[in-house]
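Each chain is listed here by its residues.
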Amino acid sequence: MIFIRVNVCGVFRDYRTLWMKGSSVFMIDQPKIPHRFKVVEFKCYQDTACAISDMVVRGAGAIGAAGGYALAQAALEAPDDGFLEFVRGAEQVINGTRPTAQDLFYATRRVMGAVSGVEDTGGARKAAVFEAQRIADENAHAGEMIGKYGEKLIKDKMRVLTHCNAGWLAFVDWGSALAPVYASKRCGRNVFVYVDETRPRCQGARLTAWELCQEGVKHAVIADNASGYYMRRGDVDIVIVGADRVACNGDVANKVGTYEKAVLAHENGIPFYVAAPRSTVDLSCKCGDDIPIEERSEDEVLSMFGWSDEFSRMMTVRVAPQDSHALNPAFDVTPAKYITGIITDAGIVKASEKSLRKLF
Ligand code: MRU
């Protein structure tokens with residue numbers, strides 16, 4: 001397994017995005033990246049759940065792993081008397097943190113299933129931790145497999161456009177949309193990545209760009225509204241994005257702005273791929289309109305958050321007038337008709353119900 005290689009003060013260390021040790025969950029503190037590299041510890045399930053809603057950890061796969069770990073922590077914290085009620089209550093809290101990423105519900109359902117199958121509370125606690133760890137390991141492996149399948153789409157000197165962050169930091173390791181880029185780079189190919197900045201939280205400019213720096217992949221951060229310009233000029237060879245949830249008919253929910261990229265890619269004859277593990281596919285969601293779309297605080301749109309050289313610290317600055325309000329949907333839905341293919345951990349498939357069902 002290849003872990004995240006991070007250059008911390010000139011020293012390379014291997015990290016996963018998050019992990020569990022004893023009864024604590026550790027995470028790379030994502031809001032601080034790229035300006036600081038810090039690992040934070042969460043000692044109880046409520047704190048881990050808050051880390052998900054506050055986006056200390058984000059990205060579908062990483063949210064899923066965090067949710068699994070949080071439920072395992074709850075099983076460790078639960079009293080012998082009323083064990084199952086406590087864990088079920090925790091499951092509600094964890095599932096309530098973020099509504100769109102399917103991996104969260106996939107993970108908590110699996111840990112809950114492991115707990116429910118065991119009679120004694122000691123055994124149930126062990127089963128919860130074991131299952132949460134298994135989910136995290138599978139998540140890292142799925143990213144590696146997506147890299148293996150997707151790498152074949154990226155020839156030497158190709159220019160890839162991506163939106164948001166669907167790299168290591170959005171998973172336990174490897175990532176989804178960026179895994180083919182990393183695999184291709186490791187095969188010795190020259191790859192260039194256009195990185196959409198991805199307002200309002202700028203996951204592209206902050207996280208994807210930082211990951212690409214760590215991997216030595218050539219890239220340029222572009223304003224979200226510049227992608228059409230480059231596509232029309234013929235400067236983009238392929239678009240690869242991640243997914244927060246894939247509906248049964250192949251519609252995909254991903255970071256807001258993805259839909260526009262798909263329509264632009266279609267208009268300009270550019271292949272548009274979605275990369276996602278099978279854990280992101282929700283066969284119970286008939287189509288994209290059934291996927292719950294998270295609305296986040298208007299402050300994310302009205303302000304910008306970043307590093308101030310002047311004050312040597314992270315700061316939030318207001319951009320819009322004090323009297324203005326904002327709307328902030330965190331995701332949008334790309335209809336299956338715009339998707340050339342879905343790169344999964346079990347191969348590249350069509351964005352259609354028939355192909356998706358065959359994966360299971
Ligand atoms: O709101 P976030 O940062 O959790 O958004 C999720 C994402 O990172 C993206 O939508 C991504 O492209 C898919 S998640 C692997």
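The domain boundaries assigned to the protein chain delineate domain 1 (4–144) and domain 2 (153–358). A straight line from the C-alpha centre of domain 1 to that of domain 2 covers 23 Å. Contact with domain 1, which involves 38 residues of that partner, is made by 36 residues of domain 2. In this assembly, domain 1 packs against domain 2 so that about 3200 Å² is buried in total across both faces, 58% of it on carbon and sulfur atoms. On the domain 1 side of the contact with domain 2, R58, T100 and Q102 bury the most area, a combined 19% of that side's loss. Linking domain 1 with domain 2 are one salt bridge. A salt bridge links R98 to E294; the shortest N-O distance between them is 2.8 Å. Counting every contact that joins domain 1 to domain 2 gives 16 residue pairs in polar contact (both at pLDDT 80 or more). Among the secondary structure elements, those contributing two or more residues to the side of domain 1 that touches domain 2 are β1 (4–8), α2 (60–77), α4 (102–116) and α5 (121–150). Of all the elements, α5 adds the most residues to the side of domain 1 that touches domain 2, at six residues. A per-class count over the side of domain 1 that touches domain 2 returns 19 nonpolar, eleven polar and eight charged.

What follows covers the sheet that holds strand β4 (residues 24–28). Pairing in this open sheet of three strands is antiparallel, and the strands run β3-β4-β5 from one edge to the other. Strand pairing shows two members of the sheet lacking a second neighbour, β3 (18–21) and β5 (39–42), which therefore form its edges. For this sheet the average axis-to-axis angle between neighbouring strands, irrespective of direction, equals 25°. By the bridge criterion, four bridges tie β4 to β5 in an arrangement that is antiparallel. Counted as the bridge partner of I28 is V39 from β5. Together, β3, β4 and β5 form the strand contacts of α2, whose direction differs from that of β3 by roughly 15°.

In this section: the site of the ligand. The environment of the ligand is made up of 16 residues, and the closest members are R58, R98, D244, N254 and K255. At a separation of 2.7 Å, an oxygen atom of the ligand approaches a polar side-chain atom of N254. Only α2 and β11 (252–255) provide two or more residues apiece to the shell around the ligand. Counted by class, the shell around the ligand contains eight nonpolar, four polar and four charged residues.

A complete count under the given rule lists 20 salt bridges for this structure. Where K157 meets D156, a salt bridge forms, and the shortest distance between an N and an O atom there is 3.9 Å. One salt bridge in this structure joins E300 and R201, with 2.7 Å as the shortest N-O distance. Of the two residues, E300 is situated in helix α10 (residues 299–302) and R201 in the loop between β7 (191–196) and α7 (203–215); the sequence distance between them amounts to 99 residues. Look at E300 and you get buried, because its relative accessible area is 14%. Using a relative accessible area of 26% as the deciding quantity, one classes R201 as partly exposed. Through salt bridges with shared partners, one network takes in R98, R201, E294, R296 and E300.

Moving on, we get to the environment of V40. Tracing the backbone through its elements, the reader meets V40 in strand β5. By relative accessible area, V40 is classed as buried at 17%. Measuring from C-alpha to C-alpha, the distance between V40 and I28 comes to 6.4 Å, with twelve residues separating the pair along the chain. If we ignore the near neighbours within four places in the chain, the residues touching V40 are V25, F26, M27, D29 and V56.

Our next topic: the side chain of S308. Along the chain, S308 turns up in strand β14 (residues 303–308). The exposure class assigned to S308 is buried, which follows from its relative accessible area of 12%. A distance of 2.9 Å separates a polar side-chain atom of S308 from the backbone nitrogen of F311. When sequence neighbours within four positions are dropped, the list of residues in contact with S308 reads R313 and M315.

It is the contact of helix α1 (residues 45–53) with α2, at a shortest axis distance of 8 Å, that shows an interaxial angle of 165°. Regarding the angle of α1 to α2, the classification is roughly antiparallel. Regarding α1 and α2, the two cross each other, and that crossing is left-handed. Taking contact as the criterion, the partners of Y45, Q46, T48 and I52 in α1 are, on α2, I63, A66, G67, A70, Q73, A74 and E77. Of the residues belonging to the contact of α1 with α2, the class tally is six nonpolar, four polar and one charged.

Each value, and the rule that gives it
- Residues numbered from 1 in each chain as written.
- Predicted model: local features only at pLDDT ≥ 70, side-chain atom pairs only at ≥ 80, totals over all residues.
- Heavy atoms only, no water.
- Domains from an automatic or database assignment.
- Contact = heavy atoms within 4.5 Å.
- Buried area = accessible area lost by both parts, 1.4 Å probe.
- Salt bridge = Lys/Arg side-chain N within 4 Å of Asp/Glu carboxyl O.
- Polar contact = N/O pair within 3.5 Å; in protein donor to acceptor, adjacent residues only side chain to side chain.
- Helix = DSSP H or I, 4+ residues; strand = E, 2+ residues; numbered from the N terminus.
- Nonpolar A, V, L, I, M, F, W, Y, C, P; charged D, E, K, R; others polar.
- Pairing = 2+ DSSP bridges.
- Axes fitted to C-alpha atoms, helices over the stretch in contact; angles between N-to-C directions.
- Near = heavy atom within 4 Å.
- Buried < 20%, exposed > 50% of the residue type's maximum accessible area, 1.4 Å probe, protein only.
- Parallel < 35°, antiparallel > 145°, perpendicular 65-115°, else oblique.
- Left-handed = near helix turned anticlockwise from the far one by under 90°.

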